[in-house]
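The lines below spell out each chain.
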2 protein chains.
Amino acid sequence: MLMLLSTLVLTIQTWSTLDRLHVIEIVVFVSLLCLCIILGHLLEENRWMNESITALLLGLCSGVVVLLASKGRNSHILQFDEELFFIYLLPPIIFNAGFQVKKKEFFRNFMAIMLFGVVGVFISFGIITAGTRYLFTKMGLKHLSMWDYLAIGTIFSATDSVCTLQVLNQDDTPLLYSLVFGEGVVNDATSVVLFRAVQNYNFDAYTAVEALDVAGNFLYLFFTSTVFGVSAGLLSAYIIKTLYFGRHSTDREIAIMTLMAYLSYLLAELCYLSGILTVFFCGIVMSHYTWHNVTEASRIATKHSFATMSFIAETFIFLYVGMDALDVDKWRMSKTSVGEFLGRFGILLLLVLVGRAAFVFPLSALSNYWTKSPTTKISLRHQVIIWWAGLMRGAVSIALAFNQFTEGGRTGSSDEATVITTTITIVLFSTIVFGTATKPLIGWLLPAHLKPLYHEDSDPPSPKDISVDSDIHVPLLLGASEADQEHNGVNFIINGLRRPSSITALLGASTSGIHRVWRNFDDAHMRPLFGGRGFVRQVSRRPTIPEDEPFEDSNSEE
Amino acid sequence: MLMLLSTLVLTIQTWSTLDRLHVIEIVVFVSLLCLCIILGHLLEENRWMNESITALLLGLCSGVVVLLASKGRNSHILQFDEELFFIYLLPPIIFNAGFQVKKKEFFRNFMAIMLFGVVGVFISFGIITAGTRYLFTKMGLKHLSMWDYLAIGTIFSATDSVCTLQVLNQDDTPLLYSLVFGEGVVNDATSVVLFRAVQNYNFDAYTAVEALDVAGNFLYLFFTSTVFGVSAGLLSAYIIKTLYFGRHSTDREIAIMTLMAYLSYLLAELCYLSGILTVFFCGIVMSHYTWHNVTEASRIATKHSFATMSFIAETFIFLYVGMDALDVDKWRMSKTSVGEFLGRFGILLLLVLVGRAAFVFPLSALSNYWTKSPTTKISLRHQVIIWWAGLMRGAVSIALAFNQFTEGGRTGSSDEATVITTTITIVLFSTIVFGTATKPLIGWLLPAHLKPLYHEDSDPPSPKDISVDSDIHVPLLLGASEADQEHNGVNFIINGLRRPSSITALLGASTSGIHRVWRNFDDAHMRPLFGGRGFVRQVSRRPTIPEDEPFEDSNSEE
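Residues numbered from 1 in each chain as written. Chains lettered and ligands numbered in written order. Predicted model: local features only at pLDDT ≥ 70, side-chain atom pairs only at ≥ 80, totals over all residues. Heavy atoms only, no water.

**Q** What's the story with the overall build of chain A in this structure? I'm lost.
**A** In terms of regular secondary structure, chain A is built from 19 helices and two strands. Residues classed as buried in chain A amount to 61% of the 558 residues present. Here the contacts in chain A between residues at least 6 apart in sequence split such that 83% fall between residues at least 24 apart. Summed over all atoms, the accessible surface of chain A reaches about 21400 Å², with 67% contributed by carbon and sulfur. (Helix = DSSP H or I, 4+ residues; strand = E, 2+ residues; numbered from the N terminus. Buried < 20%, exposed > 50% of the residue type's maximum accessible area, 1.4 Å probe, protein only. Contact = heavy atoms within 4.5 Å. Areas by Shrake-Rupley, 256 points an atom, 1.4 Å probe, with all protein chains shown as cover.)

Written out as structure tokens, the structure is:
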């Protein structure tokens, strides 16, 4: 009996072996996440490393450890799950991007962003597809169909510019930051939509008429997704403004904002729209209206919670990609010689470089030709940085590749395994090698604007009293072409007078004219309905939250 | 070709049917959550309804809708997943409980809380097990083993006092609140541990020696889990204090706190400890040390994020339970006549009532006998409320019942199905009927202390300058037995002098003596190492976060 009892203590088990394994997986990942955060913090001032690279390398090391521990049998713990990625990890990242984006800059550069993010993807897609189809077949990869090459084209058009964004400073180079940032999101959306289109349609022949139709469908899809996201944001603003959750509970406010944003993403996906665009624009609208309607505590909490969720998701993704790199099964199945492998890797890398250059420089020239306003011209240095920012490949590529070339995580043929392993290698190489070189490169190209040694959300903001219409005496601006002189994207007024000496200035003036129209419309019609900045709730008692104590402890001594 | 293209637009699909179904499930639940939050807000001032009941009823209605829509075939969307509950939903709730608990009250009433939460569970377990075994077999349920009855005993000992807590006011009745709150958490922990013990050990005979051994093992388990949780909390405090994440990123701080808390829960479960106790004490320690070490923005953000996550998890659980109530498969399988069903339901309900009364009143008397200090005596009204608070059954009961009597959500026999359906009914009935009666009952028992019509986290706190040692002139306190006179749990000092006129006051004084010892130890040894209240980081630049703008928009006009 006593022995039985001691057995009791030793063998209390809640779950079956399977559940226990799942808990072990989660423990490993959460521990690695913690470690990654600590390391990332310690390496913050390092001139080479950033969070993404840290996570990737940590994942790699863990993968090695697991591989050795399981004696070469099993190199990863969590099976890469596209569902996990698309349903749980990607939405907070994109939503936070929309929530955080500097809206003024974003919309000012909207056309350029769309050019890069949409047209650029198509160009890059075309080059990579054609290039791989031609060169891979020459190299011996015979079992991939045209369909597979089209998928490869989309997979490698999906960029991951997070490394560059972590280095750039939003206040110092607002145009550049806004372009890289905005393009990153639109690029993700376009790649995913294009990928789905490729998956569901057999492009046997590609005529001009079909191309136009596809273009038309894309425009429709983009437009509808955007409208959907905007509507979701406005609805949340209206609900929160009208119902005043804050009267009873800040937590309800925060919950509603979070859930409605997530719901917008899911519904969009369910309706075959682009969830990425939807949740992005939902974030933009929420930060413009909804955020201002909630209590002060909710504002602080939401701002940081959204950023934290996004940060955790991103780190998790990189950790995962790193760990999955050593998926021995796929490497074994690939059956490629080292030479062949390096050859294909080299080809893809070259195509990525060329494909990106093929649209960044021409489209920048086009954008510069159109805009005329000196503040929105993209200098050559900036063009190089934009080109560089889009060389890195990340989780979206991995997710799409897994989607196309694996079934439940397993590849069917040696060629498919080759594509997977090549994708993983490109992602690792580009993120680690190019990513590490990013800080020095930007330091070299933009010497005055390298991110300060420390960066806090709490940096004193750029002076908030500079509005669009205030006077700033900057005698040299009009005609300046160096991005160095873009200070906070403010419309400069020389000596108190706007000096429309050319079409340049006229067009510059008209941009601010559009902005003025929007502001009037916003103030007159939108804000009364949806709240927004300056919203003051008409109640007799304005809540203030003393935040020294966690929970209004009545005793200051504990 | 054109037709094919239009088909393209119409049939773009990302996922297979299975994935799509999963997304639909999430959409339904997220939408219901939003609806629940809105309804809960609108009904906040209703004298009957509270959030849990709203969620439950909403879940029920949705279940009905789904049932009708699927023509009676399928009544629930998400399969009740104990893993989901224990791994994802329960930890944030318990952690937030620990994070939010008024520590002083909790530790002052620690013995009473342990009495109710541990001994009480055993008493109630014994009564329910014996009662059901005797009465159910008489009623025709022949296929349940002793093992099953023991499990039933633990299942129905797990209380859910959230309905009562939503009504009580922590500031008005701190002793009562602290007892109900603390007992709720300890009760959960004990029930789960006892359940696991029952599952893994066949109690063929039950001798006194075995009982002592089991008791010994429990103590060991509780002690170890507590130490583990405290260590995790202290580690997080040390890391954050030493590394100063806030220098670079508030988001890292928030992420580290959240992840380390979650990790503590998972590791405890993995090591066969009580994750509930671990994460609860981790929350207590974090709120005492770690929370004070982070930046101001992080403090606000974490406080509200943890509360929001807990709130969402709780609401989700009730929604789910409501929806699962109409699991037609189990109802059909149960093969019980209405009379039989009502008979068993009545028996269980009676046993719950009696089982609870069998320990609340005796143990309260015992506690009153021991404590002697008037501020910690439990009045009869309070005893009735404590008894009432533990009548409601919730998700833990459901989770344990599913664990014992279903395999992957399906029941094996008609008797098992009967237990499940009876459990669901008890949960629904107790939460809806008893829950609805809670507000009026407490209003009747404690007329002066019904929660004010509105409640905000942002209520001006009870004056924080009242410390343990400050003087308050309250001439009538010593000897007062009405809980009405417990104001904020402050140690009253009469006329500037402590008047130890009896053992009563001496024992009262000694409690504050223990507290004094702890404070000295805390100030001398713990806080230098782990931070805590009053922690001021030695840096030249103290971060301040301007929170008017979401993200330091350089332009005030947008």
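**Q** Just to check I follow, could you spell out the packing of helix H13 (residues 296-324) of chain A against helix H11 (residues 250-270) of chain B for this structure?
**A** Describing two packed helices takes the angle between their axes plus the distance from one axis to the other. The geometry of H13 of chain A relative to H11 of chain B is characterised by a closest axis approach of 9 Å and an angle of 70° between their N-to-C directions. The orientation of H13 of chain A relative to H11 of chain B falls into the category roughly perpendicular. In this structure, H13 of chain A contributes His-304, Ala-307, Thr-308, Phe-311 and Ile-312 of chain A to the contact, and H11 of chain B contributes Thr-250, Asp-251, Arg-252, Ile-254, Ala-255 and Leu-259 of chain B. (Axes fitted to C-alpha atoms, helices over the stretch in contact; angles between N-to-C directions. Parallel < 35°, antiparallel > 145°, perpendicular 65-115°, else oblique.)

**Q** Sorry, what's going on with the state of the cysteines here?
**A** Between two cysteines, a covalent bond joining their sulfur atoms is known as a disulfide. This structure, assessed with the given rule, holds zero disulfides over all chains. Looking at Cys-271 of chain B, it has no disulfide partner, and the nearest cysteine sulfur is the one in Cys-282 of chain B, 14 Å off. A relative accessible area of 47% means that Cys-271 of chain B is categorised as partly exposed. Of the cysteine sulfurs around Cys-282 of chain B, a residue in no disulfide, the closest is that of Cys-34 of chain A, at 11 Å. Residue class for Cys-282 of chain B comes out buried when judged on its relative accessible area of 0%. (Disulfide = S-S within 2.5 Å.)

**Q** Looking at this structure, I do not really get the packing of aromatic side chains. What am I missing?
**A** Each pair of aromatic rings is reported with the distance of its centres and the angle of its planes. Residue and element names in this part refer to chain A. For the structure shown, the criterion picks out 46 aromatic pairs over all chains. Taking 6.0 Å as the distance between ring centres and 45° as the angle between the ring planes, the aromatic pair formed by Trp-518 and Phe-521 counts as tilted. Here Trp-518 pairs with Phe-521, and both are found in helix H19 (residues 503-530), just three residues apart, close to one helical turn. An aromatic cluster is defined as three or more aromatic residues linked by ring pairs; in this entry it consists of Phe-106, Phe-107, Phe-110, Phe-280 and Phe-281. Here Arg-299 stacks its cationic end above the ring of Trp-291, 5.7 Å away from the centre of that ring. (Phe/Tyr/Trp six-rings, centres within 6.5 Å; stacked < 30°, edge-to-face > 60°. Lys NZ or Arg CZ within 6 Å of the ring centre and 35° of its normal.)

**Q** Can you help me understand the pattern of salt bridges in this one?
**A** Should the charged atoms of two oppositely charged side chains come close, the side chains can pair. All names here are of chain A. Evaluated as defined, the whole model comprises 15 salt bridges over all chains. With a closest N to O distance of 2.8 Å, Arg-356 and Glu-183 form a salt bridge. Within this pair, whereas Arg-356 is found in helix H15 (residues 338-371), its partner Glu-183 is found in helix H9 (residues 174-200), the two being separated by 173 residues in sequence. Glu-183 matches Arg-356 in its accessibility class, with the two residues each being buried. Each of Arg-519, Asp-522, Asp-523 and Arg-527 takes part in a single network of salt bridges with overlapping partners. (Salt bridge = Lys/Arg side-chain N within 4 Å of Asp/Glu carboxyl O.)

**Q** Explain a nonpolar patch on the surface to me, please; I cannot follow it from the model alone.
**A** Taken together, the side chains of Leu-366, Tyr-369 and Trp-370 of chain A make up a nonpolar region of the molecular surface, amounting to roughly 370 Å² of accessible area. Structurally, Tyr-369 of chain A can be placed in helix H15. (Patch = residues over 30% accessible without salt bridge, like charges linked within 9 Å, V, L, I, M, F, W, Y side chains within 5 Å.)

**Q** Is there a simple way to explain the environment of Thr-302 of chain B in this structure?
**A** Residues and elements named next belong to chain B. Here Thr-302 is to be found in helix H13 (residues 296-324). By relative accessible area, Thr-302 is classed as buried at 0%. Residues Thr-302 and Trp-291, spaced 11 residues apart in sequence, show a C-alpha to C-alpha distance of 8.2 Å. For Thr-302, the residues in contact, after removing those within four places along its chain, are Ile-254, Met-257 and Trp-291.

**Q** Help me understand helix H15 (residues 338-371) of chain B, please; the structure alone is not making it clear to me.
**A** The first and last C-alpha atoms of H15 of chain B sit 49 Å apart over 34 residues, in line with the 50 Å expected at 1.5 Å per residue. Positive phi appears at Lys-372 of chain B, one or two residues downstream of H15 of chain B, with a value of about 70°. (Expected span 1.5 Å × (residues − 1).)

**Q** Explanation requested: the side chain of Asn-169 of chain B in the structure shown.
**A** Residue and element names in this part refer to chain B. Inspection of the secondary structure puts Asn-169 in the loop between helix H8 (162-167) and helix H9 (174-200). Take Asn-169: its relative accessible area is 11%, and that puts it in the buried class. A distance of 3.1 Å separates the side chain of Asn-169 from the backbone nitrogen of Asp-172, its partner in a polar contact. (Polar contact = N/O pair within 3.5 Å; in protein donor to acceptor, adjacent residues only side chain to side chain.)

**Q** Sorry if this is basic, but what is going on with unusual backbone geometry here?
**A** All names here are of chain A. With a phi angle near 60°, Tyr-272 is a residue other than glycine that sits in the positive phi range. Among the secondary structure elements, Tyr-272 is positioned in the loop between helix H11 (250-270) and helix H12 (275-293). The class of Tyr-272 is partly exposed, set by a relative accessible area of 23%.

**Q** Is there a simple way to explain the environment of Tyr-289 of chain B in this structure?
**A** Residues and elements named next belong to chain B. Tracing the backbone shows Tyr-289 in helix H12 (residues 275-293). With relative accessibility at 3%, the residue Tyr-289 sits in the buried group. Residues Tyr-289 and Thr-423, 134 residues apart in the sequence, show an inter-C-alpha distance of 41 Å. With near-sequence residues (within four places) excluded, Tyr-289 lies in contact with Leu-234, Ala-237, Trp-518, Asp-522, Met-526, Arg-527, Phe-530, Gly-531 and Gly-532.

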